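Okay, here's what each chain looks like letter by letter:
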Amino acid sequence: MNGTTIRTPARRRLAAVAAATALTAGPLAVAGAGSAHATDQGRASATVLRTGLDVALLDKTVNVPLAVSLNEVHAPQSAEKTALTARLDGVDGGQPFSVLRADVASARATVTGAKAEARTELAHARLHVPGLPLLSLVEVDSVTSRAVCEAGRAPVATANVVGAVTVLGKRVTLSAGGPTEVKVPGVGEVRLDLSRRETTSRTAAATALELRVSVNPLKLNVAVVEGTLTLAKATCESPAAPAAAAPEKPAAQVEPQQAAAPAEVAEAGLAETGSGSVTPYVAGGAVALLVAGGGAVVVARRRG
């Protein structure tokens, strides 16, 4: 009794400690799983116009970098711009110089937990550079670009140039197979790359038009313009895909034990005492001996 009384509380204490440990470790395990599922945020950017030009004035005695960005937006936060004109001050005799005019010029970037997207649109646009105040460097009817990066899916980049394209007063036909070069004697030359698209496993970039420019009107060295221009560019980077949750293991099932039949209990009890299949016969013989012995004692008492 004492041994049983001592061991039972000890077992109960161990069970209580194990239960408390499981309850304490449970929230920590859940917190660790939550942090493991955190995802990286996506990114997106859109630009209607970006210039990287070097303008040399007065026989290259004055160099003015022409760095202009029109409707340039970046996200993780959604953003949109729709300015129609980009100007540059201090080039054309100190007067504001209009680099781009357009009927439509919009850029939009959007990022959510599952997708990053950027798009640009430019319609009826005319691009000018210093030295050519009356002649457009390029005119386009419509250009668009779009980049979509969705978590767990392949990024998509698209760019389109719709309608006529005029370069230095010459109408040109662009080819997706390679760059198009336009040379105008006494004015300059322009090289155009149409609809450039690049994708990786998580990023996409689309550019409707990219121009390489070299302009020196009549080689007067009044305004020499060299560099690059980008029209309608969209880029994105997809959010990281959430980690796949490990499948939960089914709880161990304990099958209830059925109560043993009385015969089985009896047999089990006999087995524990070392009895075998001959036990019933031995027990029967013992009973017979007891009966016989009892009868002999009765007869003896009567005789006495």
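Predicted model, so just to flag it, every value in this text is computed and none were measured.

*Asks:* Explain the overall build of the chain here, please?
*Replies:* A count of helical and extended segments in the chain gives 3 helices and 15 strands. Every one of the 304 residues in the chain was classed for burial, and the buried ones make up 32%. Sequence separation of 24 or more characterises 59% of the internal contacts of the chain that already satisfy a separation of 6 or more. Of the roughly 19,000 Å² that the chain leaves accessible, carbon and sulfur atoms contribute 56%.

*Asks:* Before we go on, may I ask you to explain the confidence of the model for the chain in this structure?
*Replies:* Reading predicted coordinates in detail is not appropriate for stretches of low pLDDT. Per-chain confidence: the chain averages 73 in pLDDT, with 62% of residues scoring 70 or above. The secondary structure element of the chain with the lowest average pLDDT is helix H1 (residues 2-36), at 37, and the one with the highest is strand E9 (residues 138-150), at 96. In this model residues 1-39 is a low-confidence stretch, pLDDT under 50, and it forms 7 contacts with partners more than four residues away in sequence or in other chains. Low pLDDT, under 50, characterises residues 259-303; the stretch is placed with 3 contacts to residues that sit more than four places away or in other chains.

*Asks:* Would you mind showing me how to read the pairing of strand E15 (residues 223-237) here?
*Replies:* Strand residues, when the strand is regular, have side chains that alternate between the two faces of the sheet. Here strand E1 (residues 43-57) runs beside E15; their pairing, made up of 14 bridges, is antiparallel. Paired with Leu49 across the bridge in E15 is Leu231. With 12 bridges connecting them, strand E14 (residues 203-215) and E15 associate as antiparallel partners. Note on E15: the bridge partner recorded for Arg212 is Thr228.

*Asks:* Whenever I open this one, the environment of Gln77 confuses me. Can you help?
*Replies:* Structurally, the position occupied by Gln77 is in the loop between strand E4 (73-75) and strand E5 (79-81). Residue class for Gln77 comes out exposed when judged on its relative accessible area of 60%. Each C-alpha atom of the pair Gln77 and Ala109 lies 7.9 Å from the other, and the pair is 32 residues apart in sequence.

*Asks:* Would you mind going over the pairing of E14 with me for this structure?
*Replies:* With 11 bridges joining them, strand E13 (residues 188-199) and E14 adopt antiparallel strand pairing. If you follow Val190 over to E14, its bridge partner there is Val213. Counted along the chain from E13 to the antiparallel partner E14, the turn is 3 residues long.

*Asks:* Sorry, what's going on with the pattern of salt bridges here?
*Replies:* Pairs can form between side chains of opposite charge once their charged atoms are near each other. One pass over the full model with this rule turns up 9 salt bridges. The partner of Arg108 in a salt bridge is Glu80, with the nearest N and O atoms 2.9 Å apart. Here Arg108, found in strand E7 (residues 95-111), pairs with Glu80, found in strand E5; they are 28 residues apart in sequence, far enough to count as distant. Take Arg108: its relative accessible area is 34%, and that puts it in the partly exposed class. Overall, the relative accessible area of 48% leaves Glu80 in the partly exposed class. A salt bridge links Glu210 to Arg196, with the shortest nitrogen-to-oxygen separation between them at 2.3 Å. Separated by 14 residues along the polypeptide, Glu210 in strand E14 and Arg196 in strand E13 bring together distant segments of the chain. It is possible to trace a salt-bridge network through shared partners that takes in Lys115, Glu117, Arg119 and Arg146.

*Asks:* Just to check I follow, could you spell out unusual backbone geometry for this structure?
*Replies:* For residues other than glycine, phi is negative in most cases, and the peptide bonds are mostly trans. For Leu168, which is not a glycine, the phi torsion comes out positive at approximately 50°. Structurally, the position occupied by Leu168 is in the loop between strand E10 (156-167) and strand E11 (170-172). Its identity as a non-glycine residue notwithstanding, Ala232 has a phi of 60°, on the positive side. The residue Ala232 is located in strand E15 in this model. For Ala232, a relative accessible area of 1% puts it in the buried group.

*Asks:* Please clarify how the side chain of Ser195 should be interpreted in this entry.
*Replies:* Structurally, Ser195 can be placed in strand E13. The class of Ser195 is buried, set by a relative accessible area of 15%. Leaving out residues up to four positions away in the same chain, Ser195 has contacts with Ala159, Asn160, Val161, Thr207 and Ala208.

*Asks:* I'm lost on the environment of Arg171 in this one. Help?
*Replies:* With respect to the secondary-structure elements, Arg171 resides in strand E11. The class of Arg171 is exposed, set by a relative accessible area of 69%. As for Arg171 and Glu139, which are separated by 32 residues in sequence, their C-alpha atoms are 9.1 Å apart.

*Asks:* How should the environment of Glu189 be read in this particular structure?
*Replies:* Looking at the element boundaries, Glu189 is found in strand E13. With 52 residues separating them in the primary sequence, Glu189 and Leu137 have C-alpha atoms 9.6 Å apart. Leave out the neighbours within four places in its chain, and Glu189 touches Leu168, Val182, Lys183, Arg212, Val213 and Ser214.

So, how was this worked out
Residues numbered from 1 in each chain as written. Predicted model: local features only at pLDDT ≥ 70, side-chain atom pairs only at ≥ 80, totals over all residues. Heavy atoms only, no water. Helix = DSSP H or I, 4+ residues; strand = E, 2+ residues; numbered from the N terminus. Buried < 20%, exposed > 50% of the residue type's maximum accessible area, 1.4 Å probe, protein only. Contact = heavy atoms within 4.5 Å. Areas by Shrake-Rupley, 256 points an atom, 1.4 Å probe, with all protein chains shown as cover. pLDDT = per-residue confidence, 0-100. Pairing = 2+ DSSP bridges. Salt bridge = Lys/Arg side-chain N within 4 Å of Asp/Glu carboxyl O.

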